[in-house]
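A closer look at the structure
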Amino acid sequence: MAKRQVFYSFYYVPDNWRVSQVRNIGQIEVNKSVSDNKWEEVKKKGQEAIQDWIDENLKYRSCTVILVGEDTAKRKWIDYEIEKSWNDGKGLVGIHIHNLKNSKSEQSSKGTNPFEHFTLGDSIKLSSIVKCYNPPYSVSTNVYNHIKDNLEDWVEEAIKIRNKH
């Protein structure tokens, strides 16, 4: 099977180390990582530049993977990426990464499901359609292995779910 092209959405500052672990699994093709300097350049250009950058990086992606850290669900641009991905017909899946260790070997608290505060139509919560996985381990290496063993299937499932809705 050809590797899927996915977009990873995450809160950069607290979670970039955890995210890099998932991105380096290599089972799926991903958008290029943005360096700290490049991201700062984009941010300095304002809200429209950020939106344009996101839109450009979402192009040609079949799925958006939200890597959920402690504060991911509180981020404006992650909300934008979720809404844009759904409206563009892309698969969506969440994966809790709080039990992966950061560069200081620290874990964090589990974050809220970022799909909870989206409603389709009058009453259907996006979280009732889109899955948000929480690896059932507390040891970082076990969490990593669980994500590695399931990531490709989760992406495929997310695309199938989106194609039904």
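Our subject is the structure that appears above.
Notes on the structure in this doc start here. (Residues numbered from 1 in each chain as written. Predicted model: local features only at pLDDT ≥ 70, side-chain atom pairs only at ≥ 80, totals over all residues. Heavy atoms only, no water.)

1. Some details on the nonpolar core
Counting residues in hydrophobic clusters, the biggest one holds 22 residues, and the most contacted among them are Tyr8, Val22, Val65, Leu67 and Ile147. Those elements that place two or more of their residues in this core are strand 1 (5–9), helix 1 (12–23), strand 3 (63–68), strand 4 (91–96) and helix 5 (140–164). The greatest single-element share of this core, amounting to seven residues, is contributed by helix 5. If near-sequence neighbours (up to four positions away) are discounted, Val22 is found in contact with Tyr8, Leu67, Ile97, Leu100, Ile147 and Leu151. Within the second largest apolar cluster, 14 residues are counted, among which are Ile66, Ile78, Ile82 and Leu126. (Core = buried A, V, L, I, M, F, W, Y, C linked by side-chain atoms within 4.5 Å. Buried < 20%, exposed > 50% of the residue type's maximum accessible area, 1.4 Å probe, protein only. Helix = DSSP H or I, 4+ residues; strand = E, 2+ residues; numbered from the N terminus. Contact = heavy atoms within 4.5 Å.)

2. Some thoughts on the pairing of strand 4
Most of strand 4 sits out of view: six of its six residues are buried. Residues Gly91, Val93 and Ile95 line one face of strand 4 and the alternating positions Leu92, Gly94 and His96 line the opposite face, and both faces are buried. Two strands pair when backbone bridges link them, and strand 3 and strand 4 are joined in this way by six bridges, in the parallel orientation. Across the sheet, Cys63 pairs through a bridge with Gly91, a residue of strand 4. Taking the sense of rotation as the criterion, the β-α-β connection linking strand 3, helix 4 (residues 76–87) and strand 4 turns out right-handed. The pairing of strand 4 with strand 7 (residues 132–133) spans two bridges and is classified as parallel. Its bridge partner lying in strand 7, Gly94 is registered against Cys132. (Pairing = 2+ DSSP bridges. Right-handed = clockwise from strand over helix to strand, strands pointing away.)

3. Quick notes on the pattern of salt bridges
Inspection of every chain in the model, using the stated rule, returns seven salt bridges. Where Glu156 meets Arg4, a salt bridge forms, and the shortest distance between an N and an O atom there is 2.8 Å. Taken together, the positions of Glu156 in helix 5 and Arg4 in the segment before strand 1 put the pair 152 residues apart, joining distant regions of the chain. For Arg4, a relative accessible area of 29% corresponds to the partly exposed category. (Salt bridge = Lys/Arg side-chain N within 4 Å of Asp/Glu carboxyl O.)

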